[in-house]
Amino acid sequence: MGRYFAALLDAHQQMPGGDLLSAIVTDDRTRNAMSRAELLTTASLLLVAGHETTVNLITNGMLTLLRYPELLDRIRREPDFVIPIVEELLRYEPPVHMLVRKALDDIDIADTTIARRRHDPARPGLR
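Criteria and cut-off values
Residues numbered from 1 in each chain as written. Predicted model: local features only at pLDDT ≥ 70, side-chain atom pairs only at ≥ 80, totals over all residues. Heavy atoms only, no water. Helix = DSSP H or I, 4+ residues; strand = E, 2+ residues; numbered from the N terminus. Buried < 20%, exposed > 50% of the residue type's maximum accessible area, 1.4 Å probe, protein only. Contact = heavy atoms within 4.5 Å. Polar contact = N/O pair within 3.5 Å; in protein donor to acceptor, adjacent residues only side chain to side chain. Salt bridge = Lys/Arg side-chain N within 4 Å of Asp/Glu carboxyl O. Core = buried A, V, L, I, M, F, W, Y, C linked by side-chain atoms within 4.5 Å.

A. Structural view of the side chain of Ser22. With respect to the helices and strands, Ser22 occurs in helix 2 (residues 20-26). The class for Ser22 is buried, based on a relative accessible area of 1%. With near-sequence residues (within four places) excluded, Ser22 lies in contact with His12, Pro16 and Gly17.

B. Inspection of the environment of Ala115 at higher detail. Mapping Ala115 onto the fold places it in the segment after strand 2 (112-114). Through-space distance from the C-alpha of Ala115 to that of Ala103 is 6.7 Å; in sequence the pair is twelve residues apart. In this view, Ala115 contacts Ala103 and Asp106; residues no more than four positions away in its chain are not counted.

C. Quick peek at the side chain of His12. Considering the arrangement of structural elements, one finds His12 in helix 1 (residues 2-14). The buried category is assigned to His12, whose relative accessible area is 17%. At 3.0 Å, the side chain of His12 forms a polar contact with the side chain of Asp19.

D. The arrangement of the pattern of salt bridges in detail. Under the criterion given, the structure shown has five salt bridges. With its nearest N and O atoms 3.2 Å apart, the salt bridge here joins Arg76 to Asp73. In this pair, Arg76 and Asp73 both sit in helix 5 (residues 69-77), three residues apart, roughly one turn of the helix. As a salt-bridge pair, Arg91 and Glu88 come within 2.3 Å of each other at their nearest N and O atoms. Of the two residues, Arg91 and Glu88 both sit in helix 6 (residues 82-92), three residues apart, roughly one turn of that helix. Taking the relative accessible area as the measure of exposure, Glu88 reaches 34% and is therefore partly exposed.

E. Main features of the nonpolar core. Counting seven residues, the largest nonpolar core consists of Phe5, Leu9, Leu21, Ile24, Val25, Leu39 and Ala43. If you list the elements that add at least two residues to this core, you get helix 1, helix 2 and helix 4 (36-67). The greatest single-element share of this core, amounting to three residues, is contributed by helix 2. Beyond its immediate sequence surroundings of up to four residues, Ile24 is in contact with Thr30, Arg31, Leu39, Thr42 and Leu46. If you look at the next biggest cluster of nonpolar residues, it comprises six residues, including Leu65, Ile75, Ile85 and Leu89.

So this is what it looks like as structure tokens:
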């Protein structure tokens, strides 16, 4: 995958288009701020993240529609209903269930302090 993305990034740098990879490799702010390894990692992340969320949305959505056959019947009767149902499925059964929220500063709410999350070396993904 590394060789594929290396060639792809080079191609987008030589002949940029209107896509995200072209923007990343041609914009001076991004290109100068990221190493080649970071550019390759970002490209890989975009592919995997886009694939994973799409697969999960389709799978979760189909499972939900099979659990509620009246909605599936309505889509068959009213094809325009597919757009709002997809938006509702994104809310009802999202493709990614992990959401981490953290306070950037100490916050006082109703006599309670929510402490700023500090870096924990034992949990490198959380700060």
